[in-house]
Amino acid sequence: MKKVVLITGASRGIGAATAKVLASQGYSVAINYRANRDEAEKVLAQVLQFGVEATIVQADVSDEAQVVEMFQQVQRQLGSVTHLVNNAGILKKQTSLLGLDAQRINQILSTNVTSYFICTREAVRQMSSGSAIVNVSSVAAKTGSPNEYVDYAASKGAIDTMTIGLAKELANQNIRVNCVRPGLIETDIHALGGEPKRYERVGKTLPMERGGKPEEVANAIAWLLSDEASYSSGTFIDVAGGL
Ligand code: NAP
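All values derive from a computational prediction rather than experimental measurement.

Undergrad: Could you give me a rundown of the site of the ligand, with the residues and numbers involved?
TA: Around the ligand sit 33 residues, and of these Ser-11, Arg-12, Asn-87, Tyr-152 and Thr-187 come closest. In the environment of the ligand, an oxygen atom lies 2.5 Å from a nitrogen or oxygen atom belonging to the side chain of Thr-187. Protein chains bury 97% of the 900 Å² of accessible surface belonging to the ligand in isolation. Placement of the ligand is best described as lying within the largest pocket. Secondary-structure elements contributing two or more residues to the shell around the ligand are α1 (13-24), β2 (28-33), α4 (102-126), α6 (150-170) and α7 (189-192). Classifying every residue of the shell around the ligand by side-chain character gives 15 nonpolar, 13 polar and 5 charged.

Here it is in structure tokens:
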């Protein structure tokens, strides 16, 4: 089977690292981004060096119509999607409960949760037996991120539950659904919380006394997508340095 993977939010961070690892394994790669076309094009150039087919595809994954169009575009350019990495995610400025409002919470949920459902629905329309999906959640689903972003942590809890449900629902089609929960990883996401250096501050406090690199998460994603994980579905891998 020709392997065609779509990775949401692949212009930077964990998504970009995943695009490179999967290209090195021979996948055709669709690199989704929302705003940062220059970064997406850099990732595309790196992916093409592995001699695989690849494309970049702009879409805001919180917008259903844009997601539907994105999957049609990828099918036209690379063929039917066989693998999906639901990765695009956001958080907002660190705050306690009293700083939360409905607009913020709804934006977190539409980007981090609704998008994973809609992308998975569109992927499954193209997928066949042997296909696989990995959802990028967070250890925040278990720790709750008090006084930082409980709304973000709750959105990741929803992803964990979604993984369990859809793994069971799609099992008899032999479409596997698994989940990777990163801990603290060195990416730009911490700037959204208002603390770009959070990686350095919190890293020292962790069991391994450091945060992780995007590539360390990408390798776990790649294994769960691979045929080596053929009997794993509804499975979680924490990539969190012992946290
Ligand atoms: P990042 O460096 O901030 O990159 C986020 C990516 O998502 C970018 O490519 C961005 O694209 C894209 N994106 C954001 N909103 C989007 C939207 N509405 N539609 C399409 N693309 C969108 O983040 P990261 O740290 O790699 O995070 C990736 C995933 O890992 C997220 O789900 C995050 O929650 C999870 N995670 C991260 C950590 C960590 O410590 N870094 C820990 C646990 C879990 P543009 O730049 O083009 O807009």
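Undergrad: If you had to explain the nonpolar core to someone new, which residues and values would you point to?
TA: With 64 residues, the main nonpolar core has Leu-6, Val-29, Ile-31, Val-47, Phe-71, Ile-221 and Leu-225 as its most contacted residues. Among residues more than four places away in sequence, those in contact with Ile-221 are Ile-14, Thr-18, Val-85, Val-134, Val-136 and Val-180.

Undergrad: Before we move on, can you summarise the sheet that holds strand β6 (residues 176-182) with the specific residues and values?
TA: Pairing is parallel in the open sheet, where 7 strands are placed in the order β3-β2-β1-β4-β5-β6-β7. At either margin of the open sheet sits one strand with a lone partner, and together these are β3 (54-58) and β7 (236-239). Going from strand to strand, the sheet's axes swing by 15° on average, the running direction of each strand aside. The pairing of strand β1 (residues 4-7) with β2 spans 4 bridges and is classified as parallel. Counterpart to Val-5 in the pairing with β2 is Val-29. In the packing of α6 onto the sheet, contacts are made with β5 (132-136), β6 and β7, and the angle to β6 comes to roughly 160°.

Undergrad: A description of the side chain of Gln-126 should follow, citing residues and the corresponding values.
TA: Here Gln-126 shows up in helix α4. Residue class for Gln-126 comes out buried when judged on its relative accessible area of 13%. A distance of 2.8 Å separates a polar side-chain atom of Gln-126 from the backbone nitrogen of Val-81. Those residues in contact with Gln-126, other than ones at most four positions away along the chain, are Phe-71, Gln-72, Gln-75, Gly-79, Ser-80 and Val-81.

Undergrad: Help me get a handle on the layout of surface pockets, residues and values and all.
TA: Estimates place the volume of the largest pocket at around 1000 Å³. What lines the largest pocket is a set of 48 residues, and nearest its centre among them are Gly-89, Leu-91, Tyr-152, Thr-187 and Ile-189. Listed by contribution, the elements that provide at least two residues to the lining of the largest pocket are α1, β2, α4, α5 (140-143), α6, α7 and α8 (198-203).

Conventions we followed
Think of each chain on its own: its residues are numbered from 1, step by step along the sequence as written. Only residues with pLDDT of at least 70 are given local features in this predicted model, and only at 80 or more are side-chain atom pairs given and counted; all residues enter the totals for whole chains, interfaces and linings. Each side-chain value is derived from all of the structure's non-hydrogen atoms; neither hydrogens nor water enter the calculation. Any residue with a heavy atom lying within 4 Å of a molecule or strand is counted as near it. Each polar contact in these results corresponds to two N or O atoms within 3.5 Å; when the atoms are within protein, one needs to be able to donate a hydrogen and the other to accept it, and residues that are neighboring in sequence are counted only if both atoms are side-chain atoms. Calculation of accessible area relied on Shrake-Rupley with a 1.4 Å probe; when residues are assessed, cover is drawn exclusively from the protein chains displayed. Think of a 1 Å grid over just the protein atoms. A cavity is a set of points where a 1.4 Å probe fits yet cannot get out, a pocket is an open set with protein on both sides within 12 Å along at least five of seven lines, and lining residues have an atom within 4 Å of a point. Cavities and pockets are treated as containing a molecule whenever more than half of the molecule's atoms lie within 2 Å of their grid points. Counting from the N terminus, the helices are the DSSP runs of H or I reaching at least four residues and the strands are the DSSP runs of E reaching at least two. The residue classification treats Ala, Val, Leu, Ile, Met, Phe, Trp, Tyr, Cys and Pro as nonpolar and Asp, Glu, Lys and Arg as charged. All others, Gly included, are polar. The criterion is simple. A nonpolar core is a set of buried Ala, Val, Leu, Ile, Met, Phe, Trp, Tyr and Cys residues joined through side-chain atoms within 4.5 Å. Relative accessible area decides the class of each residue, using a 1.4 Å probe on protein chains only: under 20% of the type maximum gives buried, over 50% gives exposed, and in between gives partly exposed. The contact rule is simple, with two residues in contact once any of their heavy atoms fall within 4.5 Å. Note: two strands are recorded as paired if DSSP finds a minimum of 2 bridges between them. Think of each axis as a best-fit line through the C-alpha atoms, taken over the contacting stretch in the case of a helix, with angles from 0 to 180 degrees between the N-to-C directions. Grid points are joined across faces, edges and corners, and a volume is the space filled by probe spheres set on the points.

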